[in-house]
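Observations on chain architecture
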Amino acid sequence: MLKTPAWKRYNWRVIWLSLLYAIFLIAAVYGFKHQLVPTAVKYPVAILPALPIVGIFFAIGRYLVEEQDEYVRMLMVRQVLWASGFALSLATIWGFLDSFDLVGHADGYYIVIAWFFGLGVGGLVNKYTLGDGGC
Amino acid sequence: MENRLRILRAERAWSQQDLAERLEVSRQSVNAIETGKYDPSLPLAFRIAELFDRSIEEIFVSPSRRSSKAI
């Protein structure tokens, strides 16, 4: 992706949110493992690591709003569409396989991992179909 | 969309980067438009036309006219 001012802001947001995710995840895992989390706050603490990931989705949305270069914005939109199509297709296929007891049950957050992988697939498709302009 | 952007740019001895800076877009945007891989929005097409002091039709070939010529 090209380094436009909006892209730089997006990158910083993602870096900070990733850092926050790591801190929240380590804290939540440690807290639950050592039974340090009071019952009253178990739900909020369990949700804590999810919040920075939700923040990354928000950051992608902000990037699409802030990006002034329409072509670069289109590249990201294509990537997001690829990511969504990839993750939803995978979830649908896995869901049916799971229903017929052909695969093990997967935790819901794996859909997010599939979505981010799909973002990478979208980047490769951009590069392959648009060449130099798709990077 | 077929266009004369590369010719107009060459007439002025501008690189893709030069044109990109004048249009306030990325070099990749200029490359994608020149090679017909990306059709610019109407506001960007107007900016390109104004920069070269031409009408949009003098720079971009209408796809419908192009196909009717082929017939």
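Worth saying up front: this structure is predicted, and the values here are computed from it rather than measured.

A tally of regular secondary structure across chain A gives five helices and zero strands. Along chain A, from the amino end to the carboxyl end, the secondary structure elements read α-α-α-α-α. Taken over the C-alpha trace, chain A has a radius of gyration of 18 Å; the compact-globule value for 135 residues is 14 Å, which it surpasses by more than 25%. Within the span of chain A, comprising 135 residues, buried residues form 32% of the whole.

Turning to the interface of chain A and chain B, a few remarks are in order. With 12 residues of chain A at the interface, the matching set in chain B holds 12 residues. When the two sides are added together, the surface that chain A and chain B hide from each other amounts to roughly 940 Å², 53% of it contributed by carbon and sulfur. On the surface where chain A and chain B come into contact, there are zero salt bridges. Across the contact surface, chain A and chain B share five residue pairs in polar contact (both at pLDDT 80 or more). Sorting the residues of the side of chain A that touches chain B by element identifies α4 (70-99) and α5 (110-130) of chain A as the ones contributing at least two each. Counting residues per element, the side of chain A that touches chain B draws most heavily on α4(A), at four residues. For the side of chain A that touches chain B, the class distribution of residues is six nonpolar, three polar and three charged.

Together, A:Trp12, A:Ile15, A:Trp16, A:Leu19 and A:Ile23 line one region of the surface with nonpolar side chains, adding up to about 600 Å² of accessible area. Along the chain, A:Trp12 turns up in helix α1 (residues 5-33).

Here we take up the nonpolar core. Counting residues in hydrophobic clusters, the biggest one holds 22 residues, and the most contacted among them are B:Leu5, B:Leu19, B:Ile33, B:Ile48, B:Phe52, B:Ile59 and B:Phe60. For this core, the secondary-structure elements that each account for two or more residues are α4 of chain A together with α1 (5-11), α2 (16-23), α3 (27-34), α4 (42-51) and α5 (56-59) of chain B. Ignoring any residue separated from it by four or fewer positions in sequence, one finds B:Phe60 in contact with B:Met1, B:Glu2, B:Asn3, B:Ile33, B:Pro40, B:Ala45 and B:Ile48. Ranked by size, the runner-up nonpolar core spans 17 residues in total, among them A:Leu17, A:Ala87, A:Ala114 and A:Leu119.

This part is about unusual backbone geometry. Residue and element names in this part refer to chain B. Even without glycine at this site, Ala 13 takes up a positive phi of about 55°. Within the element layout of this structure, Ala 13 appears in the loop between α1 and α2. The phi dihedral of Asp 53 is positive, around 55°, even though this residue is not glycine. Along the chain, the position of Asp 53 falls in the loop between α4 and α5. For Asp 53, a relative accessible area of 69% corresponds to the exposed category.

This brings us to the environment of A:Gly108. Residues and elements named next belong to chain A. Assignment of secondary structure puts Gly 108 in the loop between α4 and α5. Judged by relative accessible area, Gly 108 falls into the exposed class, the value being 57%. As for Gly 108 and Leu 25, which are separated by 83 residues in sequence, their C-alpha atoms are 16 Å apart.

Here the focus is the confidence of the model for chain B. Residue and element names in this part refer to chain B. Per-residue confidence for chain B gives a mean pLDDT of 91, with 92% of residues at or over 70. Averaged pLDDT values for the elements of chain B fall to 66 in helix α6 (residues 63-70) and rise to 97 in α4. Interface predicted TM-score (ipTM) for the complex: 0.86; the corresponding pTM is 0.85.

Rules used throughout
- Here the residue numbers are simple positions, counted from 1 along each chain's written sequence.
- Lettering of chains starts at A and numbering of ligands starts at 1, both following the order in which they are written.
- Where local features are concerned, this predicted model is filtered to residues with pLDDT of at least 70; where side-chain atom pairs are given and counted, the filter is 80 or more; whole-chain, interface and lining totals use all residues.
- Side-chain measures here rest on the full set of heavy atoms in the structure, leaving out hydrogens and waters.
- Numbering goes from the N terminus for both helices and strands, where a helix is a DSSP run of H or I of at least four residues and a strand is a run of E of at least two.
- Between the two quantities, the radius of gyration covers C-alpha atoms and the globule rule is 2.2 Å times the number of residues to the power 0.38.
- Note on classification: 1.4 Å probe, protein chains only; a residue is buried when its accessible area is under 20% of the maximum for its type, exposed when over 50%, partly exposed between these limits.
- Only heavy atoms enter the contact rule, under which two residues are in contact if any of them lie within 4.5 Å.
- Note: buried area is the sum, over both parts, of the accessible area (probe 1.4 Å) each one loses when the two are combined.
- In the sections that follow, a salt bridge refers to a side-chain nitrogen of Lys or Arg positioned within 4 Å of a carboxyl oxygen of Asp or Glu.
- Here a polar contact is taken to be a pair of N or O atoms separated by no more than 3.5 Å, where protein atoms must pair a possible hydrogen donor with a possible acceptor and residues adjacent in sequence count only if both atoms sit in side chains.
- Under the scheme applied here, ten amino acids are nonpolar (Ala, Val, Leu, Ile, Met, Phe, Trp, Tyr, Cys and Pro), four are charged (Asp, Glu, Lys and Arg), and all others, including Gly, are polar.
- Within the patch definition used here, like charges are joined within 9 Å and nonpolar side chains (Val, Leu, Ile, Met, Phe, Trp, Tyr) within 5 Å, considering only residues with over 30% relative accessible area and no salt bridge.
- Note on areas: Shrake-Rupley, 1.4 Å probe, and residue coverage restricted to the protein chains presented here.
- By nonpolar core is meant a set of buried Ala, Val, Leu, Ile, Met, Phe, Trp, Tyr and Cys residues that side-chain atoms within 4.5 Å join together.
- Note: pLDDT gives the predictor's confidence per residue, expressed from 0 to 100.

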